[in-house]
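# Reading the structure
Take a look at the letters that make up each chain.
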Amino acid sequence: MPPPPMELIDDVTAEILLRLPPDEPEHLFRAALVCKPWLRVLCDPDFRRRYRAYHGAAPLLGLLHRLQVLQGFPADRFASTTKMPDFPRPGSHGRHPYPLDCRHGRVLIQMRRTVGEMKLVYLVWDPVTGDRRVVPVPHIDSLIETAAVFCAADGCDHLDCHGGPFRVAFMATDDDEEIVKASVYSSETGVWSAPVSLGSDCECYVKHMEDAIRDDVFRIPYVQPRRAAVIGDEIYFTLRQGHAIVKYDRANNCLSMINPPLQSAYGIALMVLDGSSLGFVYTGGSSLYLWSREVSSERTAEWVQCRVIELKTTIPVVDPGQVPLVVGSAEGVGAIFISTDAGLFTIELKSGRVRKVGKPGVYFSVLPYMSFYTPGIVSLCFSVVLNFLYSLVDGSVLCE
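Residues numbered from 1 in each chain as written. Predicted model: local features only at pLDDT ≥ 70, side-chain atom pairs only at ≥ 80, totals over all residues. Heavy atoms only, no water.

### Considering the overall build of the protein chain
Applied cut-off: Helix and strand assignments follow DSSP, with helices taken as H or I runs no shorter than four residues and strands as E runs no shorter than two, numbered in order from the N terminus. Relative accessibility decides the category of a residue: with a 1.4 Å probe and only protein chains considered, values under 20% of the type maximum give buried, values over 50% give exposed, and everything between is partly exposed. Here, residues are in contact when the closest pair of their heavy atoms is within 4.5 Å. Residue burial considers only the protein chains on display, and all accessible areas are found by Shrake-Rupley using a 1.4 Å probe.
Helices and strands together make up the secondary structure of the protein chain, namely six helices and 23 strands. Buried positions account for 50% of the 400 residues belonging to the protein chain. For the protein chain, long-range pairs separated by at least 24 residues make up 52% of all intrachain contacts whose partners lie at least 6 apart in sequence. Accessible surface computed for the protein chain: about 19500 Å², of which carbon and sulfur atoms make up 53%.

Laid out in structure tokens, this is it:
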């Protein structure tokens, strides 16, 4: 009886390998070492497309920690949340790397670079492929800032954004004018857009400033250097005073303000819920509160409390009087990062699963890196390694 066609064997193998969990990518790499036919299946672009479609959301592969300033500069490497080794360093492009964002398979890092003279630059880095792009910083005199990097490819599902165009949105408080400004960089044009300001023409902004003066608090609207939330053409970030939310509408190139659900929130983070709704999460006492900004058919928006999670029985603490802090979230996988004196933890909203992902520390913002990591994506260097391994076995070469 003749053996079954090679195509049939590959189809059956692919159906089995499709079911390997994406959040433990070492299983795929071990499978690629089994034999050349399995490697061929795993490196096939069609398998990668099916694998992403089958699992739906990119897994959480690692974290970058943004510590408080007094804790010094964080290490320029990932803390892996899988059994894969840490990703390599992004390269000696500058000094004092300071991570700002992780999104759509890219990492945004601010660093000081010496090329004739010391100056600040951004590094947009893809840890999976190793691609690096140096981006100049915008000409806005700021002390405190935040920024977001995101895919700019039309119609992209953001499951495999390696190598395409990207944008960087910069938001800061101008030290000279003491107003909030925003600007966007395009990798396709290589330039920053003209800055747009949030000023006296915004009624909500004026009320925010009047309340600050009446309450005798520091009235300069400093931007919180936390991770922004990106929903389509809208980028959301927070101000330090009152946790007011500022929305940058990229399509209309304008800034506006949104009041948060509560002014007394402590330890807040913005997040994206169900792929299209703005979420606001914070801790109060030993409870975690989750709010969603829902838009009605009349296009009016209101905040709705959608979840309360008791942390006392789920998140470990050493000191019973210690207040857990929300330090970030991971869209797509529905995870919230919480810091206590016992360590850094994630709590998954759907399953309620709690995992420890970091040692105790003064975390200010946690930046999640989410991407599919398969042998096909890193096929160039992976094939070189596998060719060497296979050559030790039978002297043959698989990939040219």
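### Details of the environment of Pro-22
Topologically, Pro-22 is positioned in the loop between α1 (6-17) and α2 (26-32). Taking the C-alpha atoms as reference points, Pro-22 and Arg-52, separated by 30 residues in sequence, lie 8.8 Å from one another. Look past the residues within four positions of Pro-22 in its chain and what remains in contact with it is Tyr-51, His-55, Pro-59, Leu-61 and Phe-372.

### Focus: empty space enclosed by the protein
The gaps left among the atoms become clear once a water-sized probe is rolled over them. How we decide: Here the term cavity refers to a set of points on a 1 Å grid, laid over the protein atoms alone, in which a 1.4 Å probe fits but cannot get out; the term pocket refers to an open set having protein on both sides within 12 Å along at least five of seven lines, with lining residues being those that place an atom within 4 Å of a point. Grid points are joined across faces, edges and corners, and a volume is the space filled by probe spheres set on the points. Polarity classes work like this: nonpolar for Ala, Val, Leu, Ile, Met, Phe, Trp, Tyr, Cys and Pro, charged for Asp, Glu, Lys and Arg, and polar for all others, with Gly in that last group.
One pass over the structure, following the stated rule, counts two cavities of 30 Å³ or more. Within this model, the largest cavity holds a volume of roughly 160 Å³. At five residues, strand β15 (residues 266-273) tops the list of elements feeding residues into the lining of the largest cavity. Its residues placed into classes, the lining of the largest cavity shows 10 nonpolar, five polar and four charged.

### Focus on the sheet that holds strand β22 (residues 354-358)
The strands that make up a sheet pair up through hydrogen bonds in the backbone, lying either parallel or antiparallel. The test is simple: Following DSSP output, two strands are said to pair if at least two bridges run between them. Only the contacting stretch of a helix is used when fitting its axis, a line to C-alpha atoms as for every element, and angles between N-to-C directions run 0 to 180 degrees.
In spatial order, the strands read β19-β20-β21-β22; together these four strands make up an open sheet with antiparallel pairing. One side of each edge strand has no neighbouring strand; the edge strands of this open sheet are β19 (325-330) and β22. Across this sheet, the average inter-strand angle for adjacent strands is 30°, counted without regard to direction. Note that β19 and strand β20 (residues 335-340) share five bridges and pair antiparallel. When the sheet's bridge partners are listed, Gly-328 is paired in β20 with Phe-337.

### Remarks on the pattern of salt bridges
Note the threshold: We define a salt bridge as a contact between a side-chain nitrogen of Lys or Arg and a carboxyl oxygen of Asp or Glu at a distance within 4 Å.
Applying the stated criterion to the full structure yields 11 salt bridges. Note that Glu-348 is salt-bridged to Arg-353, the shortest N-O span being 3.6 Å. The exposure class assigned to Glu-348 is partly exposed, which follows from its relative accessible area of 23%. Overall, the relative accessible area of 42% leaves Arg-353 in the partly exposed class. Each member of the salt-bridge network shares a partner with another, and the members are Asp-101, Arg-103, Arg-227 and Glu-331.

### Examining the sheet that holds strand β9 (residues 179-186)
If you trace the four strands from one edge of the open sheet to the other, you get β7-β8-β9-β10, paired in antiparallel fashion. Each having just a single partner strand, β7 (142-151) and β10 (196-198) make up the two edges of the open sheet. Between one strand and the next, the sheet's axes are offset by a mean angle of 20°, whatever the strand orientation. Sheet topology note: the β7/strand β8 (residues 166-174) ladder contains eight bridges and is antiparallel. When the bridges of β8 are listed, Ala-147 appears paired with Phe-170.

### Description of the nonpolar core
Filter applied, for reference: To qualify as a nonpolar core, a set must consist of buried Ala, Val, Leu, Ile, Met, Phe, Trp, Tyr and Cys residues joined through side-chain atoms within 4.5 Å.
Counting residues in hydrophobic clusters, the biggest one holds 25 residues, and the most contacted among them are Leu-42, Phe-47, Leu-63, Phe-337, Leu-344 and Val-366. If you list the elements that add at least two residues to this core, you get α1, α2, α3 (36-42), α4 (45-55), β1 (60-67), β19, β20 and β23 (363-370).

### With respect to the confidence of the model for the protein chain
Rules: One confidence number per residue, pLDDT, is output by the predictor and ranges from 0 to 100.
Of all residues in the protein chain, 75% have pLDDT values of 70 or greater, and the mean over the chain is 77. Low pLDDT, under 50, characterises residues 379-400; the predicted model gives this stretch 26 contacts beyond four residues in sequence or across chains.

### So, the side chain of Arg-227
Note the cut-off: Under this definition, polar contacts are N or O atom pairs within 3.5 Å; protein pairs additionally need one hydrogen-donor-capable and one acceptor-capable atom, and for neighbouring residues in sequence, both atoms have to be side-chain atoms.
Relative to the helices and strands, Arg-227 is located in the loop between α5 (203-214) and β11 (229-231). There is a polar contact of 3.1 Å between the side chain of Arg-227 and the side chain of Glu-331.

### Thoughts on unusual backbone geometry
Most peptide bonds take the trans form, and the phi angle of most residues other than glycine is negative. Here the phi dihedral of His-104 falls at roughly 50°; this positive angle occurs in a residue that is not glycine. Within the element layout of this structure, His-104 appears in the loop between β3 (95-103) and β4 (106-115). Here Asn-253, not a glycine, exhibits a phi torsion of approximately 50°, which is positive. For Asn-253, the position within the fold is in the loop between β13 (245-249) and β14 (254-258).

### Details of α4
Going by this rule: What the arc measures is the spread of directions leading from the helix axis to the C-beta atoms.
Of the residues making up α4, those classed as buried are Phe-47, Arg-48, Tyr-51 and Arg-52. Each buried residue of α4 lies within a common arc of 135° when the element is viewed along its axis, so the set occupies one face. Structurally, the start of α4 carries an N-cap: the backbone nitrogen of Asp-46 is 2.9 Å from a side-chain oxygen of Asp-44. Looking one or two places after α4, you find Gly-56, whose phi comes out positive at around 85°.

### Some words on the state of the cysteines
Our working rule: Criterion for a disulfide: a pair of cysteine sulfur atoms at a distance within 2.5 Å.
Under the counting rule described, the total for this entry stands at zero disulfides. Between Cys-156, a cysteine without a disulfide, and Cys-161, which holds the nearest cysteine sulfur, the sulfur-to-sulfur distance is 3.5 Å.

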